[in-house]
Amino acid sequence: MDSKSSHSSLNEDSSTILIPLVTETISAGFPSPAEDYIELGIDLNKYLIKNPISTFFLRVSGSSMNNAGIYNNDLLIIDRSINPKSGHIVVALLDGEFTLKRLIKKQDNYYLRADKENYPAINIYEYIDIQIWGVAIYSIHELKKTKA
Amino acid sequence: MSKAILQIDGNNFYASCEQLIDPSIKGKGLVVLSNNDGCIIARSSEARKMGIPMGQPYFKLKNKLTQLNIKVRSSNYELYGDISNRLMQLLRNNCEELEIYSIDEAFGTIKRPKDKCLYQWGKDLRALVYQNIGIPIAIGIGETKVLSKISNHLAKRIQNNSGIFDIGIIRNKDPYLNLIKVDKVWGIGKRMSIWLKSKGVTNALELRDMSNDQIKEKYGVVGLRIQNELKGKLCIPIKEKSSDRKEICVSRSLSYPIDSLEELSQVIIKYVLIASAKLRKYNQSSSAITVFTNTNTHSKDFFKSEATEKLSFPTSNSKIMIDKSLSLTKEIFKPYKKFIKAGVILHKLQSNKYKQNLIFDKQDIQEDLYLQRLDNIIDNINSRNGIDTIGWGSSIIEKEWRPRRKKLSSIKTTNIENIPTIYAN
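Residues numbered from 1 in each chain as written. Chains lettered and ligands numbered in written order. Predicted model: local features only at pLDDT ≥ 70, side-chain atom pairs only at ≥ 80, totals over all residues. Heavy atoms only, no water.

**Q** Can you explain the pattern of salt bridges? Please cite residues and give values.
**A** Residue and element names in this part refer to chain B. What the rule picks out here adds up to 21 salt bridges over all chains. Salt-bridge contacts for Lys-114 lead to Asp-115; the nearest nitrogen and oxygen are separated by 3.7 Å. Across the pair, Asp-115 and Lys-114 agree in class, each one exposed. Where Lys-324 meets Glu-309, a salt bridge forms, and the shortest distance between an N and an O atom there is 3.1 Å. Placement of Lys-324 in helix α12 (residues 318–332) and of Glu-309 in strand β11 (residues 304–315) is noted, with a sequence separation of 15 residues between them. The class for Glu-309 is partly exposed, based on a relative accessible area of 29%. (Salt bridge = Lys/Arg side-chain N within 4 Å of Asp/Glu carboxyl O. Buried < 20%, exposed > 50% of the residue type's maximum accessible area, 1.4 Å probe, protein only. Helix = DSSP H or I, 4+ residues; strand = E, 2+ residues; numbered from the N terminus.)

What follows is the structure, encoded as structure tokens:
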């Protein structure tokens with residue numbers, strides 16, 4: 001084992017899975033020129049995680065953000081290095097709890113809004129104890145089979 | 001341009017990590033307990049303000065903590081390690097040199113534009129760390145390591161919690177050094193501070209101004225260096241590579257007293273495995289091993305014993321060390337004693353880069369290589385699937401004596417099964 005990689009979970013260690021991307025069609029009979037390019041691969045870590053130092057994962061529970069494409073039990077990727085702006089889906093700290101909402105700016109006021117009807121928007125300025133914990137950048141949703 | 005030395009540490013680091021991932025305890029009284037839930041090893045600033053002391057046994061304060069509604073957590077080292085790695089990487093990206101000093105502490109360097117205060121630079125770094133990683137840090141800035149450490153104390157004490165102090169631009173440092181008690185000066189141990197106090201030296205200013213003959217006579221170059229650093233002369237360089245550790249010690253309190261040789265051996269082997277895996281991680285070898293154990297320090301018939309033996313050649317191999325430690329455990333064991341603590345120390349560590357193989361005979365090398373491969377396989381499996389997935393038969397430990405972590409927050413940032421949940425209801 002590479003002795004350097006084992007002590008940091010942030011290093012690109014053996015957990016990185018590279019999926020080879022080959023664009024050439026492979027012809028039978030003689031060696032494929034594509035083999036020379038096999039080291040080009042898609043690393044999902046690189047694609048989904050821009051800034052490992054500030055990236056955290058959270059598990060979603062609940063359905064209030066379904067309209068934003070975030071479902072119960074999804075794996076949420078949060079990047080704290082992003083400055084929250086209007087339109088971002090953010091993890092906010094409200095009364096000692098994580099809550100997932102969309103940050104909206106309306107006439108100089110910032111609101112936190114669930115992507116669901118009949119959910120009142122929260123005016124940030126009415127709360128003393130409120131903090132944006134991070135900006136959600138991806139939600140990983142497991143596709144389940146349904147009965148045909 | 002001159003070089004400024006930085007000393008950076010996480011405020012109430014363990015407590016801050018817990019509060020980062022569990023918002024229900026953010027801004028509240030919180031203490032973190034040591035292994036086995038024995039003592040209080042970290043306090044949130046709120047708990048500190050409520051007068052909860054450091055290092056006290058948990059059972060003594062249990063009632064008080066409940067009364068004050070202070071939350072209690074077992075130490076969650078997986079989490080602290082992950083946050084520490086993030087912190088150090090971010091610091092490394094923002095400093096010129098970085099020496100990681102402990103899990104929550106580092107020394108660094110940065111260029112100082114002529115006579116310019118680095119307060120704003122520190123403020124930006126502090127904000128960057130808080131935004132990216134979510135923990136507060138304090139930054140001390142000075143001309144030397146000793147002064148930057150003093151600066152860090154001052155950052156926490158007099159700068160209204162802004163967390164930054166730059167003593168490097170202050171011409172007359174006397175009033176500030178006057179505030180720092182001599183035993184708080186970096187590098188001054190307990191014994192040295194007692195000696196200094198007997199000479200009438202009580203604070204950093206008096207230490208800087210005492211006769212250097214006196215300090216040299218008693219403490220040689222080591223004492224002189226600290227004094228010179230206080231004067232602003234850089235004597236202790238930043239060490240970027242921390243791999244030159246000299247020994248590894250693994251010791252724990254046992255969750256219940258042990259009085260049989262068999263059980264003590266199993267505990268020792270367990271610690272040998274932890275220590276040797278660490279050794280391999282840092283690509284080092286050890287050439288001597290010590291095992292030690294003791295009964296309750298407060299009991300009338302307090303008993304402790306230790307034994308050391310050289311290894312026939314430097315190694316990091318678990319099997320060789322298990323064999324050696326088994327015979328050493330027989331030496332330290334005494335019947336009818338109830339042991340409550342045990343440990344293992346690996347000494348005379350050296351980097352494998354400089355290992356000389358040629359002087360050993362071929363048979364040994366062959367076996368060593370075989371055992372190395374075996375170790376690699378075990379380390380790989382354990383690093384992928386979690387500590388203790390695979391081990392040595394002789395180390396099979398009953399669950400009961402694993403360290404007690406009753407108050408452990410199950411939340412971690414390093415395991416997909418244990419990540420925090422966010423409610424979107």
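**Q** Got a sec to walk through the sheet that holds strand β2 (residues 30–33) of chain B? Specific residues and values, please.
**A** Residues and elements named next belong to chain B. Spatially, the 3 strands line up as an open sheet ordered β3-β2-β4, and their pairing is mixed. One side of each edge strand has no neighbouring strand; the edge strands of this open sheet are β3 (40–43) and β4 (71–74). Here the average twist between neighbouring strands, direction ignored, is 30°. Pairing of β2 with β3 involves 3 bridges; the strand directions are antiparallel. Looking at the pairing, Val-31 lines up with Arg-43 of β3. (Pairing = 2+ DSSP bridges. Axes fitted to C-alpha atoms, helices over the stretch in contact; angles between N-to-C directions.)

**Q** Would you mind going over the confidence of the model for chain B in detail, with residue names and values included?
**A** In this model, chain B carries a mean pLDDT of 87, and residues with pLDDT of at least 70 account for 92%. Model confidence for the complex is summarised by a pTM of 0.74, with the ipTM given as 0.73. (pLDDT = per-residue confidence, 0-100.)

**Q** Talk me through the side chain of Asp9(B); I want residue IDs and the actual numbers.
**A** Residues and elements named next belong to chain B. Tracing the sequence through the fold places Asp-9 in strand β1 (residues 2–10). Under the relative-accessibility criterion, Asp-9 is labelled buried at 12%. Those residues in contact with Asp-9 that lie beyond four places of it in its chain are Asp-104, Glu-105, Pro-136, Ile-137, Ala-138, Asn-152 and Lys-156. (Contact = heavy atoms within 4.5 Å.)

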